[in-house]
Each structure stands twice: as C-alpha cells, then as structure tokens.
Amino acid sequence: MRKLTYHNVCTRDCPASCRLLTEVQGGRVVDVKGDPQDTFTRGYICAKGYSYPERIYSPDRVLYPLKQRKKGSGNWERISWEQALDEIAKKFISISEGYSNLLPVCLDRYLGNLGILNLNVAAFFLSMAPITLMVGSPCVSAGTDGMTLNYGFCRKPVPEDMLNSKLIIIWGGNPAWTLPQQMHYIYEAQKNGAKIVVIDPILTATAARSDTYVNIRPGTDGLLALGMAKILMEENFLDHEFMSGYTHGWDKYKDYLTTIDLEQISTQTNVPSAEIHKLACLYGNTKPATIWIGLGLQRSPSGGQNVRAIDSLAALTGNIGKQGGNVHHISYEVFMNAGELARLQLPWGLASMPEDLKNSFRTIATGRFAELNNLTPPIELLWIAGRNPVAQDQDSDTVKNTLKNIPMVVVADQFLTSSAQYADYFLPVSSSFEHEDAVISYWHYGVGLNEKAIEPLGESKSDFEIMKGLAKAIEKIQPGFTDFPTESDPRQCLHQELEPILKQQEISSIDKLRRQGARIQLSAVPWQDYSFPTPSGKYEFYSLKAMEHGLEPLPIPAQVTAKPASYPFRLMVVRNYATLNSQFYNLPNIRGLESNSTLIIHPETAVQKSLEHGDKVKVYNQLGEIEMHISVSLCLPHNIVVAYMGIPDNHGEVINTLFGLSETDLGEVVSGCKGLTFNDCFVNLVRME
Ligand SMILES: Nc1nc2c(c(=O)[nH]1)N[C@H]1C(S)=C(S)[C@@H](COP(=O)(O)OP(=O)(O)OC[C@H]3O[C@@H](n4cnc5c(=O)[nH]c(N)nc54)[C@H](O)[C@@H]3O)O[C@H]1N2
Ligand SMILES: Nc1nc2c(c(=O)[nH]1)N[C@H]1C(S)=C(S)[C@@H](COP(=O)(O)OP(=O)(O)OC[C@H]3O[C@@H](n4cnc5c(=O)[nH]c(N)nc54)[C@H](O)[C@@H]3O)O[C@H]1N2
Ligand code: SF4
Ligand SMILES: [Mo]
C-alpha cells in the first residue's frame, strides 16, 4: 500500500515546536519523524515526537463522549455528542436565567495544544456574556515580570546568537532534556572555545556537559547574582558608558550592593566565596557573554526578583544589545506578529482586550482552586481544556475537592487524566494529526503548518469543532445567546491569523508554509538601539513600575524560607526527557524508558534511612503521602530528593499532592496574578515493608 507523507507540527507546550513528517498508510499513521527542512531542529526530534503513533492509537485514548454518574467513581457511560452538547448547552442557559449573567461559568485553559486554532476555546468563552476566567500562567509569570520591570518588555536574541557567545551561563534550565535542539548551538559554541557554566541545585544532563557546574541552594539565585554584582563593581568590570547613558537607578543599586556581605551570601547560597569570585570574574572578563535564565529558577518564592538580579549582571557589564550577549529567557513579540487569536496566547492577552469587555470578566489566578470554590456567585460549570490541574497545580486534594463541588465539570482531552476523573462530562479531542492548524514557536519564531494527516479517530473532534458544536446547541435552544461563528471555516480562520506573517515574509499562500515553513523576522539581537520601554526609557536597576505597584524597586530577593524541621528533605520535581508535564507516561515505550514512581535520593540519605536501590518508601508531609521506589544518585545534594513531574497520573495519586499553594513574589504586573512556586516543598520519607 502506498505511503503518503504529511507535514505536521508538534503542538505540545515545548519551545522547539518541531516540524514533523508523518507517514500514513491506509489511513493510519505508521511513522512520525523530524522534518530535515526545519531550520531549527534540522530533523532532530525527541522521544515524545517519535512516540506519536503510539499516542494516537493508544488503547487509553478516549474516542467517544462520556458522562460520569458520580465524580471520581469511574462509573462512565458512553453518550452521543448530541446528548453531551445539549445537556451542557442547557446548563449555560439555566445559569444565565438563574443569575442573569454567566459569571458562574469558568474556563481553565492552558497550553495542552499550542495550535493557533485551539485558541478558539478562549474565543468561544470571550464571546459570551461576562464569565469567570482562570488567568495568568502556572509557568512563567514571575520571570516575565522580572524582565519587564528591568527592560520594559520581554525580548531575547534568536537561538543562533548563542554561537556568537564566548561564555554561556545556563542558570536554572535543563535544555539537554527540555529543549535538546538548542544543545546543538551550545556544543558548537563550546567547540569554538566558549565556556559553558550551569547553575542548578541538581547535576543535570546539561550540567554534565558544562565546563563549570555551580551547585546552588534552590531559590537563592538572586543572592548569588547580587554577590556577583558586588564583585563586578569592586573588581572594575562595569561598563560605565552603558551604565551612565542607558540605565536608571545605578546610584541606589550601588548603595545597596555596598551593604551586602559576601560571606553571608556564600552561606545562604551554599556556593563557596572563591567560586562566586571566580564566576563573577569569568563573566566580567569574557565578552560577549550571555545568560540563559531557565524557567526552573523563577518558580521560587523570590523567582521574579531573582530574575531581575541575574539580568542586571548583563546591564552592569554592557552585555545588552550586543551580538552573543544579552539574556535569553522568554519573548512574547512573536505572538504580536500574528492575528487577534494568536494574541490571546500572550500572558496579557486578557489585558489587551477592550476596557469595557475586560472589566466585565471575573478573573481568578490560575491554580487557585480553593478560591474558585468560594465565589459569589458560585461556579456552576467549569470547562477544562488543555490542562490537567489535579496533576500539575498545587495542593491536588483541594483541586479534586473543588472539582467535586462544582455542579458541572467538563473536561476536553484525549485521555482520562487525573483531572478528568473528577469530571461529569468527558469530551474526546482529536490529536493534531487529525485536523489542520498552525503553530508559532515562542523560542525560535518558526511558523509551521500542521496538515490533517488522518481522519479523526472514533468520534473525536478538535476543540474548535467542539466549541462550534456547543455554540450551535446553545443557539438551537436560545437564538442570539452567543455570536461565536458556528460556521467558521478553520482554513479561513488560519488564513486570517497568518496573513500578517505571510505578508511580512512575502509568502503567497498558507500552503507554501507546509514545505518551507516560515520564520517571523524579529531582531536577532534585542536592544541594539538601547531604547527601553520602561517609565524612564532606560534599563531600570531601580524599577519605577515596581514602585507604582508597591513592589521593591531594587532587585532584592526576599528572605530564604527556613526548612520545616519535621520535613528535612526538599522535594524537587523535575521534567523528564521522555515526558511532557503529565503527558506520555501512559505509553508503554515511554514507560520502558523511565519508571514513573522513582524517588532519587543521595547515598547519604539512603544510609541514614537504611534504604537500598529499589526499596519502596512512603514520601509524606503535612498535605499527604505517596508511595515511590528509591533510586540512589550522587547527582543531587543530600538534603534534596527528586521525582519526575506529573507522576503517576493513572491512579489519581499525584506528586503535586505534596505541594501546598505557594506564590512567587512577582507576576501581577504583566499577567494580573502571581506565579506558582515549585521548588519550595519539604517532605520526609520512611521505608515501607
Ligand atoms: N511540581 C511541579 N508542578 C508543575 C511544574 C513543576 O515544575 N513542578 N511546572 C508547571 C508548568 S511550567 C506548567 S507549564 C504546568 C503545565 O500544566 P498543564 O498544562 O495542566 O499540564 P499538561 O500535563 O501539559 O496538561 C495538558 C493536557 O492537555 C491535554 N491535551 C493535549 N492536546 C490537547 C488538545 O488538542 N486539546 C485539549 N483540550 N487537550 C489537549 C493533554 O492530554 C493534557 O492532559 O505544570 C506546572 N506544574
Ligand atoms: N522533556 C520535556 N521538555 C519540556 C517539558 C517537559 O515536561 N519535558 N516541559 C516544557 C515546559 S512547560 C517548560 S516550562 C519548560 C521548562 O524547561 P526549563 O527552563 O529547562 O525548566 P525546568 O525543567 O522547570 O527546570 C530546569 C532546572 O531548574 C532547576 N531549578 C529548580 N529550582 C531552581 C533554583 O531555585 N535555582 C536554580 N539555579 N535552578 C533551579 C531544576 O533543578 C532543573 O534542572 O520545558 C518544556 N519542555
Ligand atoms: S515535544 Fe518538543 S522536542 Fe519533542 S517533538 Fe514535540 S516540539 Fe519537538
Ligand atoms: Mo511550563
């Protein structure tokens, strides 16, 4: 039988947004591989990408709408789309009649699917009368504010610019596992003589490939940066020309730096003074030098201020606006180059709506399920799409209880996730191989067209089709209730979204994107004009916007949390190379790569607790307990234990049960709410017989 090749793009929340080649035989996907034409990946994809055929045809995938008799009971019944949408539509209408508005309807959507058309889920809810929206991000809020306060906006160099760096400091990121394609540029730079430094509490796969590894106490990165800043100042490494012309508040920052004690910083960060000194001098001496601020470190109690203190090192040394310099963190410019829908991908997507519309919404910060449970008017209908909050948010038991309390919970997904177990209705979503869409990468700015390679499996539909179906069901009962376009054509919608990009690139039609893709042209090196959209128009060591918001204007991190005595181990939950958040663990090939209930501990801890490799332990704290198997490793300090994220998401017993609700210092300025911290959880463990 003839094989046909289709062009797809991976729609996972992953910076690589790999373009894929999908081989289809007899209407079935038989192989997925990287597209060598993709200039960023050059055809290299990860284990998750290769596992797509297994994921598409997984026996765990749910292909029909389901209704659960009692939440959490597992007593599911297959129903028709007609019944599902009709019953949900009736709920919308009864809420509207009972409350005279739709505030009791809430949407919790995030990046389960990065496709542009998937944003129609948000568009559907925005088209209704005022509703409740979960806003912000479980991921990037603190760092986004940090960068915004200093620079005025989040920009970064293109990935290739690392080739021009003589020093690359990877600070709180593990790209060897989370963005392996970027390692190509890092190795290339290293081959050309650049030094690679990794700063991480764990000796990660990335750290293992570095020239210098700095082991740091989690959450203390801002202090280390302040220490480095003091040394840069004392050792005369400052770029006075840049500082005097283009920065604001150096006098105040300098006064503060003179008061800090390097010995104290060494004790707090766990980094020996000599190492801090060496690191500062290496950064001061090497030009151009770049710092890649990973997302890991900004999910800590002082994450936002830590990011500010780190990126101030670039301003002190004049590494800003230079090829091979700057700070790589995150950029949002890319979404401003497409249409209206793509803009909803921005953390301030909501904030950019017209004032009267925006003010009519009730917003709840993402992950705050206890709050969601306590609203007036209460939530009557919660729609979860592209999210697995029970597994991924904090305090999973509270999330579960809130889901149990809400009269109608709808989950649109491909699998019966631990969140779906607390749903009343499960709506089966087709995989990206089953409908057309396009993805814009927030890392390399590539735009890829995702073709429909096969027919949707079973009765699954794309989120866009589901929203259209629901709008139709509502309109049938009460015409004029929603103006969401029920006949909207995905092609037309894509065209509208991509038109500005096609124009910029002089590409005649969307179809051309299939083979060649496109790349949104943003400045390869940001800030070359030294014009910063801050209140002062300069890079701000002393942030006027922070002051306006009642925040600390200087990049001074808050005090480090003391560890609770009864829970001596810090639990770090790290991402695994073969999984993505709570996804992929259910696939046999992936399960073969990694055991999904491993707790990694230091040999000293094993001796102290009389544990051996493979032993079963109970990991517990004040919030709950979870059973795991021990693996012993020297790659982490003795007071840290490590688990892989999102595990085990098949029995409703998830690691985030052990994480209490805890917020980052920043996040409100850009996204409207603080971020969530994920490296400040403490546990104890005991062997199970
Ligand atoms: N302990 C700990 N917790 C963390 C973190 C951490 O570092 N440590 N990191 C945080 C971070 S950075 C993030 S981004 C969040 C992620 O949190 P989530 O976004 O909730 O996590 P995912 O597991 O990616 O869930 C996405 C869901 O979307 C589904 N999905 C896939 N495709 C589609 C589609 O086309 N349509 C629909 N409707 N659904 C689809 C998937 O099956 C999956 O169930 O987790 C946070 N949680
Ligand atoms: N394979 C794979 N790739 C992924 C994902 C996945 O789940 N799996 N998820 C995607 C998502 S949603 C995201 S947000 C990105 C995140 O990707 P990264 O930016 O790489 O961030 P993390 O993996 O969250 O954390 C990276 C490192 O930060 C360290 N870290 C934690 N706390 C601190 C601290 O206080 N200080 C310092 N210096 N280091 C600290 C951790 O030990 C970890 O090694 O990856 C994306 N890519
Ligand atoms: S998960 Fe990331 S690296 Fe893997 S195929 Fe998808 S986009 Fe590429
Ligand atoms: Mo994330």
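All values derive from a computational prediction rather than experimental measurement.

**Looking at the site of ligand 3**
Neighbouring residues of ligand 3: C10, C14, A16, S17, C18, C46, K48, G49 and Q181. The residue inventory of the shell around ligand 3, partitioned by class, reads 5 nonpolar, 3 polar and 1 charged.

**Looking at the site of ligand 2**
Neighbouring ligand 2 are 32 residues; D200, G219, D221, R575 and T579 lie closest to it. Within the contact set of ligand 2, a nitrogen atom lies 2.7 Å away from a backbone nitrogen or oxygen of T579. In isolation ligand 2 offers 910 Å² of accessible surface; the protein chains occlude 94% of this area. In the shell around ligand 2, the residues fall into 14 nonpolar, 12 polar and 6 charged.

**Looking at unusual backbone geometry**
Working note: non-glycine residues mostly have negative phi, and peptide bonds are mostly trans. In this structure, the amide linkage connecting K287 to the following residue, P288, adopts the cis form with an omega of -10°. Tracing the backbone through its elements, the reader meets P288 in the loop between α12 (273–285) and β12 (289–293). Even without glycine at this site, N236 takes up a positive phi of about 65°. Looking at the secondary structure, you find N236 in the loop between α8 (221–234) and α9 (240–246). Look at N236 and you get exposed, because its relative accessible area is 63%. Phi at Y530 is positive, roughly 55°, even though this residue is not glycine. Mapped onto the secondary structure, Y530 falls in the loop between β20 (518–519) and β21 (539–540).

**Describing the pattern of salt bridges**
Under the definition given, this model contains 30 salt bridges. Between K472 and E487 there is a salt bridge whose closest N-O contact spans 4.0 Å. Taken together, the residues span a long stretch of sequence, with K472 in helix α19 (residues 463–477) and E487 in the loop between α19 and α20 (490–505) at a distance of 15 residues. The class of K472 is partly exposed, set by a relative accessible area of 41%. Using a relative accessible area of 62% as the deciding quantity, one classes E487 as exposed. Ionic pairing is found between E625 and K618, a salt bridge with its closest N-O pair at 3.7 Å. Taking the relative accessible area as the measure of exposure, E625 reaches 48% and is therefore partly exposed. Put simply, E436, E451, R491, D511 and R514 are held in one network by salt bridges that share partners.

**Quick look at the pairing of strand β6 (residues 105–109)**
For β6, the buried fraction is high: 5 of the 5 residues fall into the buried class. Burial along β6 is two-sided: the residues V105, L107 and R109 and C106 and D108 are all buried. Sheet topology places β6 next to strand β15 (residues 381–385); 5 bridges connect them, and they run parallel. Bridging across to β15, D108 finds its partner in I384. Pairing of β6 with strand β7 (residues 132–135) involves 2 bridges; the strand directions are parallel. Across the sheet, C106 pairs through a bridge with T132, a residue of β7. Once the chain exits β6 it traverses helix α4 (residues 120–126) before rejoining the sheet at β7, and the crossover so formed is right-handed.

Cut-offs and rules
- Residues numbered from 1 in each chain as written.
- Chains lettered and ligands numbered in written order.
- Predicted model: local features only at pLDDT ≥ 70, side-chain atom pairs only at ≥ 80, totals over all residues.
- Heavy atoms only, no water.
- Near = heavy atom within 4 Å.
- Nonpolar A, V, L, I, M, F, W, Y, C, P; charged D, E, K, R; others polar.
- Polar contact = N/O pair within 3.5 Å; in protein donor to acceptor, adjacent residues only side chain to side chain.
- Areas by Shrake-Rupley, 256 points an atom, 1.4 Å probe, with all protein chains shown as cover.
- Helix = DSSP H or I, 4+ residues; strand = E, 2+ residues; numbered from the N terminus.
- Buried < 20%, exposed > 50% of the residue type's maximum accessible area, 1.4 Å probe, protein only.
- Salt bridge = Lys/Arg side-chain N within 4 Å of Asp/Glu carboxyl O.
- Pairing = 2+ DSSP bridges.
- Right-handed = clockwise from strand over helix to strand, strands pointing away.

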